[in-house]
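Letter by letter, the chains look like this.
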Amino acid sequence: MNSQTKFLGIDIGGAHLKIIGLDKKMNVSIVKYKSCPLWEGLGNLKKEIQLINTISKDKNIKCGITMTGELCDFFKTRIDGAKIIHELCKKIKFEKYFYSTSEGLSKQKTLNFNDIISMNWYAIGDLLKKIVKDTIIIDFGSTTTDFICIKNYKIMNTGRDDFSRINNFELVYSGLTRTPTFGITRSIKIKNHEYRIIPEFFSDSSDVYRILGMITKSLDIDEVADKSKKTARESMARLARSFGFDFKTKNKRLIGKLAQKLSQIQIEEILTNLNYLYNKFQYDKDTPIILAGIGQDVLYNNMKKKYNVSMITQYLPGKNTKLKHVSSYHAPALCIANLLRDSQ
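Computed from a predicted structure; not experimentally measured. (Residues numbered from 1 in each chain as written. Predicted model: local features only at pLDDT ≥ 70, side-chain atom pairs only at ≥ 80, totals over all residues. Heavy atoms only, no water.)

This part is about the pairing of strand β8 (residues 145–151). The buried fraction of β8 amounts to seven of the seven residues, a majority that puts the element mostly inside the structure. What you see with β8 is no split at all: T145, F147, C149 and K151 on one side and D146, I148 and I150 on the other are buried throughout. Two elements, strand β7 (residues 135–140) and β8, share six bridges in a ladder whose sense is antiparallel. If you follow I137 over to β8, its bridge partner there is I148. Between β7 and β8, which pair antiparallel one after the other, the connecting turn spans four residues. With two bridges connecting them, β8 and strand β10 (residues 171–172) associate as antiparallel partners. Counterpart to D146 in the pairing with β10 is L171. Bridge count between β8 and strand β9 (residues 154–155): two bridges; the pairing is antiparallel. Bridge assignment links K151 to a residue of β9, and that residue is K154. As consecutive antiparallel partners, β8 and β9 are separated by two residues, and within that stretch N152 has a phi angle of approximately 50 degrees, a positive value. (Buried < 20%, exposed > 50% of the residue type's maximum accessible area, 1.4 Å probe, protein only. Helix = DSSP H or I, 4+ residues; strand = E, 2+ residues; numbered from the N terminus. Pairing = 2+ DSSP bridges.)

Shown next as structure tokens:
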């Protein structure tokens, strides 16, 4: 039980559930990052909702909810998914608010589900537009990378759904842990030698960053492709399989280089989108870039010499604790909790 928590931000994804709690002074009191694969059915989410109800005995806690889980292919359509998730969330015992682009955090019993579907990214912009005049926020998550553009305290993004955002360089389906290796690129060139990638799910981006030592155990919560161990050695074996050869000790150096190149290509795609948005919305060169998501540290290390980058927590209230830093890995849930507090 947590008696300090007064506000909860919950982000229900297709693979994960993220929960951030704030106390009355806006300090982060809870951070939970749970595996919750909706494609296996609703049982996982039902179980997690039961656990949410054990967070506190205080039923007056205000709980804001956003979602992307409705995109999961378990549901017939996105609208159906949103309605089913919304219905399940009614079992949360706390005072519930659902986030939509039209109403913000709403207690209304009848909702326009088109304004709820996959709008977790918008909650980040909704909060930061009150704080920063001009910025591009990059949320580098497990599965996707979101770009939220703010200019003159307004959200400038052209797209609202995944289709329009992908085609306007505002969303990249590439993340730190869940992107199949062949989804990063189909081939790699090292010293004039081309290495082609087999388009089978033999490995993913978690293997890349596990080999490079850039992913912590607390963020490494998903099953791997072959359902075996999450070690650098096993990741090397999986990555080698994606290139059509078996792992051997003599190949470790090559596999390390392939992992480095895969990370580089992924980061370059993110930066290509960033530079496109820089030009599209005519930002100044010194415009701050705000980073969030479980991949924010990887991005920061690749961007700090060229860009004016900072972490999202620098702009949010509350004590600068380790828990606050960890909460920024789950920016939509964190921002929902802050928006709840601001609305009171």
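Now that the structure has been shown, the text picks up again.
Turning to the pattern of salt bridges, a few remarks are in order. For the structure on display, the rule yields 16 salt bridges. Here K107 and E95 are joined by a salt bridge, their closest N and O atoms 3.3 Å apart. Taken together, the residues span a long stretch of sequence, with K107 in the loop between β6 (104–106) and α3 (120–128) and E95 in strand β5 (residues 95–100) at a distance of twelve residues. The exposure class of E95 is partly exposed, given its relative accessible area of 22%. Its salt-bridge partner being E194, residue R196 comes within 3.6 Å of it at the nearest N-O pair. Residue E194 is classed as partly exposed on the basis of its relative accessible area of 37%. Members of the salt-bridge network, linked through shared partners, are D207, R210, D220, D226, R238 and R241. (Salt bridge = Lys/Arg side-chain N within 4 Å of Asp/Glu carboxyl O.)

A word on the nonpolar core. Across soluble globular proteins, nonpolar side chains show a tendency to be buried alongside one another. Residues I138, L274, I289 and M303 are the most contacted members of the largest nonpolar core, which totals 47 residues. Here the element with the most residues in this core is helix α8 (residues 252–280); it accounts for eleven residues. Counting residues in each nonpolar core, the second largest holds 32 residues, with Y97, Y99, L105 and A337 among its members. (Core = buried A, V, L, I, M, F, W, Y, C linked by side-chain atoms within 4.5 Å.)

Adjacent strands of a sheet form backbone hydrogen bonds with each other and so pair up, either parallel or antiparallel. Strands sit in the order β3-β2-β1-β4-β5-β6 across an open sheet of six strands; the sheet is mixed. Every interior strand has two partners, whereas the edge strands, β3 (28–35) and β6, have only one. Pairs of neighbouring strands in the sheet enclose a mean axial angle of 20 degrees, with direction left out of account. Pairing geometry for strand β1 (residues 7–12) and strand β2 (residues 16–22), over six bridges, is antiparallel. From the neighbouring strand, L8 faces β2, where its bridge partner is G21. Its contacts with the sheet put α3 on β1, β4 (62–67) and β5, and the angle it makes with β5 is roughly 90 degrees. (Axes fitted to C-alpha atoms, helices over the stretch in contact; angles between N-to-C directions. Contact = heavy atoms within 4.5 Å.)

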